Amino acid sequence: MRRIHVGNALSAFGLGFTVPYLYVYVAQVRGLGAMTAGLVLAVFAVAALIVLPFAGRAIVRRGPLPVLLAALVMAALGALSLGLAGSAVAVLLSAAALGAGQAVMQPALATMIVDCSTADTRSRAFATQFFLQNLGLGIGGLIGGHLVDTTRVSSFTLLFAIEAAMFLLLVVMLSTVRMPHSPRIEGAPTGSAKGNWKQLLGNRAMVQLCVLGFVLFFACYGQFESGLSAYGVEAAGISTSALGSALAANTLMIVVAQFAVLKFVERSRRSRVIAGVGLIWAVAWLTAGYAGLGHGSREMATAAFVATYALFGLGEAMLSPTVAPLVADLAPEGMAGQYNSAFALVKQLALAVGPAVGGPLGAALAGPYIVTFLLFSLGITFLALRLGRRLTSAQDHPWTAAKSRVVARGGAPAESLTA
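It should be emphasised that the depicted structure is a prediction, and the values quoted were computed from it without experimental measurement.

Caption draft 1: Geometry of the overall build of the protein. Within the protein one finds 20 helices and zero strands. Among the 419 residues that make up the protein, the fraction classed as buried is 53%. Long-range contacts, defined as pairs at least 24 residues apart, comprise 85% of the intrachain contacts of the protein with a sequence gap of at least 6.

The following block contains the structure:
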């Protein structure tokens, strides 16, 4: 598990080097124009949507580790070729390889975490993953910003080479890992390891979680760098430096709050935690509304906008030890890879649709934009409470189930849980 977490941090560190500067690199440094740069970003999403339906079956049949190693090699080749590409075709093909590799990494790593954890430790494992992922992205972006020079193509080639090196280093590190037998919680539905998408769609709780997941990613992550930023600049008059401060506040909140909220999240019903996140994000959208539609000073608008991103970060910190473990606990034995891939596919769909809807709406119709996503946040609360009625006690409240098992064995619950 430690090697998986270190590897996850390294891959995020490599991504942080290039993701913030990809548009500038393609459009300006390579001189291929804004349209090609936009197509590159679209290719990332399309590549993910193409490979993810097949990734789940590959993880189930071959195991998560071989699939992850193949994805890392593909991502490394894509990153290196992207740093050397000089034509639009070469850039697009390289972006497709990098995007496909990145997309497959997510469910493969998630499945490895599931296989190396138990129902009692899974929330903490995913919280640690999310913490290290954000830390790696932040540090990578910070260092990459000091290395990049828009007047020198070679500086960007260096960035992409470092990203490729991180992926290859992860290949070396994880190739020595021996995966344990996949664990399973009490109350999880039974099924064949050779199950398919039809079996997954027959799991009503999983379908409801996927719908909830789409709304979560559409109403939050899908707005960060599109609709919400466009709204901040156009309606609230936020400067680009203030926008950077808001993004930094989001990352800082995640880093500070992740383990502070973990004990509360672990001891609460998962459905109620997600419902609480919906309410927190509703407050975030009201705060954003004040920033753009209020009549305060620019300083107050900026402070409100930064607070909006911080509130989103608090919700993210609560979701990371909640949603991913719930996906794992809904999966029949041997099907975690399929379920993780399905949820990753839903996430990619939301991240593709979110900017397309939110960007134009946030820039042109500030009032309707805020109202729309305020309603989406309240919809998260409704969908989460509805999902809770379909979950078993072990799936919705594993802390209580674990405590009951300890008591049944005649142990001391408090000492066992603390240990």
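Caption draft 2: Here's a closer look at a positive patch on the surface. On the surface, Arg204, Arg386, Arg389 and Arg390 cluster together into a positively charged patch. In this fold, arginine 204 is placed in helix α9 (residues 204-219).

Caption draft 3: Structural view of the packing of aromatic side chains. Considering all chains together, one arrives at twelve aromatic pairs under this definition. When the centroid spacing of 5.6 Å and the interplanar angle of 55 degrees are considered together, the rings of tryptophan 281 and phenylalanine 312 count as tilted. Here tryptophan 281 is found in helix α13 (residues 270-293), whereas its partner phenylalanine 312 is found in helix α14 (residues 298-319), with 31 residues between them in sequence. Assigned by exposure class, tryptophan 281 and phenylalanine 312 land together as buried. Joined through ring pairs, the aromatic side chains of Phe214, Phe218, Trp281, Trp285, Phe312, Tyr369, Phe373 and Phe376 make up one cluster.

Caption draft 4: Just a nonpolar patch on the surface, in detail. A cluster of nonpolar side chains, Leu135, Ile139, Leu142, Ile143, Leu147 and Leu158, forms an exposed patch at the surface whose accessible area comes to about 480 Å². If you tally residues by element for the nonpolar patch, the top one is helix α6 (residues 122-147), at five residues. Along the polypeptide, isoleucine 143 turns up in helix α6.

Caption draft 5: Structural view of the packing of helix α10 (residues 227-234) against α14. Their axes nearest at 11 Å, the elements α10 and α14 cross at an angle of 165 degrees. The angle between the axes of α10 and α14 places the two elements in the roughly antiparallel class. Like other packed secondary-structure pairs, α10 and α14 cross with a definite hand, here right-handed. Of the residues in α14, those touching α10 at Leu228, Ser229, Tyr231 and Gly232 are Phe305, Thr308, Tyr309 and Phe312.

Caption draft 6: Just the pattern of salt bridges, in detail. On inspection of all chains with the given rule, the structure shows two salt bridges. Aspartate 329 serves as the salt-bridge partner of arginine 270, at 2.8 Å between the closest nitrogen and oxygen. Here arginine 270, found in helix α13, pairs with aspartate 329, found in helix α15 (residues 323-330); they are 59 residues apart in sequence, far enough to count as distant. Among the ionic contacts, a cluster of salt bridges with common partners joins Arg122, Arg270 and Asp329.

Caption draft 7: Geometry of the side chain of serine 271. Position of serine 271 relative to the elements: it lies in helix α13. For serine 271, a relative accessible area of 6% corresponds to the buried category. What serine 271 contacts, discounting residues up to four positions off in sequence, is Ala384, Gly388 and Asp396.

Caption draft 8: Looking closely at the nonpolar core. By size, the foremost hydrophobic cluster in this structure holds 63 residues, and its most contacted members are Met206, Leu209, Leu212, Leu228, Trp281 and Trp285. Of all elements in the fold, only α9, α10, α11 (240-257), α13, α14, α15, α16 (336-364) and α17 (366-388) reach the threshold of two or more residues within this core. Grouped together as the second largest cluster of nonpolar side chains are 48 residues, Ala27, Ala37, Ala76 and Ile113 included.

Caption draft 9: Fine view of the environment of isoleucine 59. Here isoleucine 59 shows up in helix α3 (residues 33-62). For the pair isoleucine 59 and methionine 335, spaced 276 residues apart in sequence, the C-alpha to C-alpha distance is 8.6 Å. Isoleucine 59 has contacts with Pro64, Val67, Pro107, Ala108, Thr111, Gly337 and Ser341, leaving out every residue within four places of it along the chain.

Caption draft 10: Here's a closer look at the environment of glutamine 395. Of note, glutamine 395 is situated in helix α18 (residues 393-396). Counting along the chain gives 65 residues from glutamine 395 to leucine 330, while the straight-line C-alpha distance between them is 7.1 Å. Reaching out from glutamine 395, the side chain makes a polar contact with the backbone nitrogen of threonine 392 at a distance of 3.1 Å.

Caption draft 11: How the structure looks around helix α7 (residues 153-174). Compared with the 32 Å implied by 1.5 Å per residue over 22 residues, the 32 Å span of α7 between its first and last C-alpha is a close match. Within α7, the full set of buried residues consists of Ser155, Phe156, Leu159, Phe160, Glu163, Ala164, Met166, Phe167, Leu170, Val171 and Leu174.

Caption draft 12: Layout of the environment of leucine 132. Along the chain, leucine 132 falls in helix α6. Expressed as a C-alpha distance, the spacing of leucine 132 and phenylalanine 13, which sit 119 residues apart in the sequence, is 9.2 Å. The contact partners of leucine 132, leaving out residues within four places of it in the chain, are His5 and Ala9.

Caption draft 13: Up close: the confidence of the model for the protein. Averaged over all residues, the pLDDT of the protein equals 79, while 87% of them reach at least 70. Per-element confidence in the protein is highest for helix α4 (residues 64-84), whose mean pLDDT is 89, and lowest for helix α20 (residues 413-418), whose mean pLDDT is 40. Predicted confidence is poor over residues 406-419, with pLDDT under 50, and the contacts of this stretch with residues over four places away or in other chains come to seven contacts.

Caption draft 14: Fine view of the side chain of glutamine 258. Mapping glutamine 258 onto the fold places it in the loop between α11 and α12 (262-266). Excluding its chain neighbours within four sequence positions, the residues that come into contact with glutamine 258 are Ala127, Phe130, Phe131, Met253, Ala317, Ser320 and Pro321.

Thresholds applied
- Residues numbered from 1 in each chain as written.
- Predicted model: local features only at pLDDT ≥ 70, side-chain atom pairs only at ≥ 80, totals over all residues.
- Heavy atoms only, no water.
- Helix = DSSP H or I, 4+ residues; strand = E, 2+ residues; numbered from the N terminus.
- Buried < 20%, exposed > 50% of the residue type's maximum accessible area, 1.4 Å probe, protein only.
- Contact = heavy atoms within 4.5 Å.
- Patch = residues over 30% accessible without salt bridge, like charges linked within 9 Å, V, L, I, M, F, W, Y side chains within 5 Å.
- Areas by Shrake-Rupley, 256 points an atom, 1.4 Å probe, with all protein chains shown as cover.
- Salt bridge = Lys/Arg side-chain N within 4 Å of Asp/Glu carboxyl O.
- Lys, Arg positive; Asp, Glu negative; His and termini not counted.
- Charge placed at Lys NZ, Arg CZ, Asp CG, Glu CD.
- Phe/Tyr/Trp six-rings, centres within 6.5 Å; stacked < 30°, edge-to-face > 60°.
- Axes fitted to C-alpha atoms, helices over the stretch in contact; angles between N-to-C directions.
- Parallel < 35°, antiparallel > 145°, perpendicular 65-115°, else oblique.
- Left-handed = near helix turned anticlockwise from the far one by under 90°.
- Core = buried A, V, L, I, M, F, W, Y, C linked by side-chain atoms within 4.5 Å.
- Polar contact = N/O pair within 3.5 Å; in protein donor to acceptor, adjacent residues only side chain to side chain.
- Expected span 1.5 Å × (residues − 1).
- pLDDT = per-residue confidence, 0-100.

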